[in-house]
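# Fold and contact review
Here are the chains, one letter per residue:
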Amino acid sequence: MRQINDAHVAVPGLAVVEVAAADDATAFAIQELLAARCAIAPVDRTTREPGEPGVRLRCFLDLRQEPGS
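Residues numbered from 1 in each chain as written. Predicted model: local features only at pLDDT ≥ 70, side-chain atom pairs only at ≥ 80, totals over all residues. Heavy atoms only, no water.

### Description of the confidence of the model for the protein
Inclusion rule: pLDDT is defined as a per-residue confidence score from the predictor, taking values between 0 and 100. A run of DSSP states H or I qualifies as a helix once it reaches four residues; a run of E qualifies as a strand once it reaches two. Both are numbered from the N-terminal end.
The predicted model of the protein has a mean per-residue pLDDT of 86, with 83% of residues at 70 or higher. When mean pLDDT is taken per element in the protein, helix H1 (residues 24–37) scores highest with 94 and strand E2 (residues 39–41) scores lowest with 89.

Laid out in structure tokens, this is it:
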């Protein structure tokens, strides 16, 4: 996955969450749970690392905003 840069977490309330899950369905279910609680920049696909089990998903959260804003 790409690096997390300073802009992703420049102020309090911004966060980057990386989910490691067994499959796509689980990773997207976690993303939905996060989206119900805070504003996120959702992703539409997961990534796979060759030779490693499972999938990864990275989303960006903004705790300063309401979900859906």
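Still more to cover.
### Section: the pattern of salt bridges
For the record, the criterion: We define a salt bridge as a contact between a side-chain nitrogen of Lys or Arg and a carboxyl oxygen of Asp or Glu at a distance within 4 Å. Note on classification: 1.4 Å probe, protein chains only; a residue is buried when its accessible area is under 20% of the maximum for its type, exposed when over 50%, partly exposed between these limits.
Tallying each qualifying case throughout the model produces four salt bridges. Arg56 serves as the salt-bridge partner of Glu18, at 3.3 Å between the closest nitrogen and oxygen. Of this pair, Glu18 sits in strand E1 (residues 14–21) while Arg56 sits in strand E3 (residues 55–62), and the two are 38 residues apart along the sequence. Of the residues examined, Glu18 reaches a relative accessible area of 38% and is grouped as partly exposed.

### A few points about the sheet that holds E2
Paired through their backbone hydrogen bonds, the strands of a sheet run either parallel or antiparallel. Our working definition: Here, a strand pair is defined by DSSP locating no fewer than two bridges between the strands. Axis lines are fitted to C-alpha atoms, over the contacting stretch for helices. Their N-to-C directions set the angle, which ranges from 0 to 180 degrees. Here a residue-residue contact requires only that any non-hydrogen atoms of the pair lie within 4.5 Å.
Taken in spatial order, the three strands line up as E1-E3-E2 in an open sheet, and their pairing is antiparallel. The strands lining the two open edges of the sheet, one partner per strand, are E1 and E2. Strand-to-strand, the axes of this sheet are offset by a mean angle of 35°, without reference to chain direction. Direction of pairing for E2 relative to E3: antiparallel, over a ladder of three bridges. Each residue of the ladder has a partner; that of Ala39, found in E3, is Asp62. Contacts between H1 and the sheet are confined to E1, E2 and E3, with E3 contributing the most and set at about 10° to the helix.

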